[in-house]
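# A look at the structure
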Amino acid sequence: MSRKLSEILHYFKSNTSKKGIATYQKKKMRKSSLLESSSGLEYETPVQSNETERTEKSHVLLLDLDETIIRSSKQKPTIPDYGEAKPVTYNDNEETCQVYVILRPFLKELLAEVSEKFKIYIYTASTAEYAEACVRSLELSSYLSGIFSRNDCKKTGENSFEKDIFSFGFDEKKLVFVDDWKSQTTHAPENSINIKFFSGRRSDNELLSLKDFLVDLSKEADVRCVADKFEKYRGKNSVSCSRDIGGITMLRQKLVA
């Protein structure tokens, strides 16, 4: 046997050890949709994580998917003012599905700038397969550190899922969550921003002010009460900050200088 062939066989045996097989099985049986887990396990998915590039960033941004940064529908939209709808195909319980997805205006500008300051994750109550297909088809993966999906939510009903942004171990002082659905942010009021529902229209500019705000926010050591800070940044005359005290929601109104 030649020396070269011997080396090849040795490499093959080394990489099919019990440890190697166990690692492969763990990857194959994964349930979480996070692209790179805290243990360093890399998932076999076309959507790539840029976690290595962003390790120096201490701030974390969790972005909801549907109606926050995209608009998805089973039928191709025909309303003239709507943005371009891109077909996205994914598997759902071994069934091939297709939806038409519109990217929210200024999303890529936001991701490009904010990803320099924050580790950005998608956090959706939809399935991992759907989320990954959207990210891949819309070419968003280069800006992201990973995806959290339905598997990373608490099931509260037959088709109801609650997001828990504190379950991932991120520093609460550096954590921001953005969602259009207020019921998903009530459990973390100090770390959450509710933005307007995205209908699909080209005229939408909700992400412009959010982009500039997040860049400035990255300079702060403690981002909490972030909704108040965002409203003040946008220059509104009044800000509502609700707090849950002993089961009673207290509403505080204040003027913005």
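Data block above holds the structure.
As a starting point, this report considers the structure included with it.

## With respect to the pattern of salt bridges
Tallied over the full model, the rule gives 13 salt bridges. Note that Glu220 is salt-bridged to Lys229, the shortest N-O span being 2.8 Å. A residue is classified by how much of its surface remains accessible, and Lys229, at 25% relative accessible area, is partly exposed. Residues participating in the shared-partner salt-bridge network are Asp64, Lys163 and Asp179.

## Focus: the nonpolar core
Ranked by size, the top nonpolar core spans 40 residues in total, and within it Leu61, Val176, Ile193, Leu210 and Leu214 carry the most contacts. Sorting elements by how many residues they give to this core places helix H5 (residues 206-217) first, with 6 residues. In contact with Val176, other than residues within four places in its own chain, are Val60, Leu61, Leu62, Phe118, Asn191, Ile193, Leu214, Leu217, Val223 and Val226. In this structure, Phe148, Cys153, Phe177 and Ala188 belong to the second largest nonpolar core, which totals 12 residues.

## A word on the pairing of strand S4 (residues 95-103)
In summary, the side chains of a regular strand alternate between the two faces of the sheet. One ladder, built from 4 bridges, connects strand S2 (residues 70-73) with S4; its direction is antiparallel. Bridge assignment links Ser72 to a residue of S4, and that residue is Val101. Pairing analysis gives 8 bridges linking strand S3 (residues 85-92) to S4, with the strands arranged antiparallel. Across the sheet, residue Tyr90 finds its bridge partner in S4, namely Cys97.

## Considering the sheet that holds strand S9 (residues 175-179)
With parallel pairing, 5 strands are arranged side by side in an open sheet as S6-S5-S1-S9-S10. Since the sheet does not close on itself, it has two edges, and those belong to strand S6 (146-148) and strand S10 (192-194), each with one partner. Recorded for the sheet is a direction-independent mean angle of 25 degrees between the axes of neighbouring strands. As paired elements, strand S1 (residues 59-63) and S9 share 4 bridges and run parallel to each other. Within the sheet, the bridge partner assigned to Val60 lies in S9 and is Leu175.

What counts and what doesn't
Every chain's residues receive numbers from 1 upward, in the order its sequence appears when written. Residues qualify for local features only when their pLDDT is at least 70, as the model is predicted, and side-chain atom pairs are given and counted only at 80 or more; totals for whole chains, interfaces and linings, by contrast, use all residues. The basis for every side-chain value is the complete set of heavy atoms in the structure, and neither hydrogens nor water enter the calculation. The term salt bridge refers to a pairing of a side-chain nitrogen on Lys or Arg with a carboxyl oxygen on Asp or Glu at a separation within 4 Å. A simple rule labels every residue: compare its accessible area, found with a 1.4 Å probe on the protein chains alone, to the largest value its type can have, and call it buried under 20%, exposed over 50%, or partly exposed in between. By nonpolar core we mean a set of buried residues, namely Ala, Val, Leu, Ile, Met, Phe, Trp, Tyr and Cys, connected to one another through side-chain atoms within 4.5 Å. Helix numbering and strand numbering both begin at the N terminus, where a helix is a DSSP run of H or I of at least 4 residues and a strand a DSSP run of E of at least 2. Here a residue-residue contact requires only that any non-hydrogen atoms of the pair lie within 4.5 Å. The rule for pairing is simple: two strands pair if DSSP sees at least two bridges between them. Each axis is a line fitted through C-alpha atoms, and for a helix only the stretch in contact is used; angles between axes span 0 to 180 degrees, taken between their N-to-C directions.

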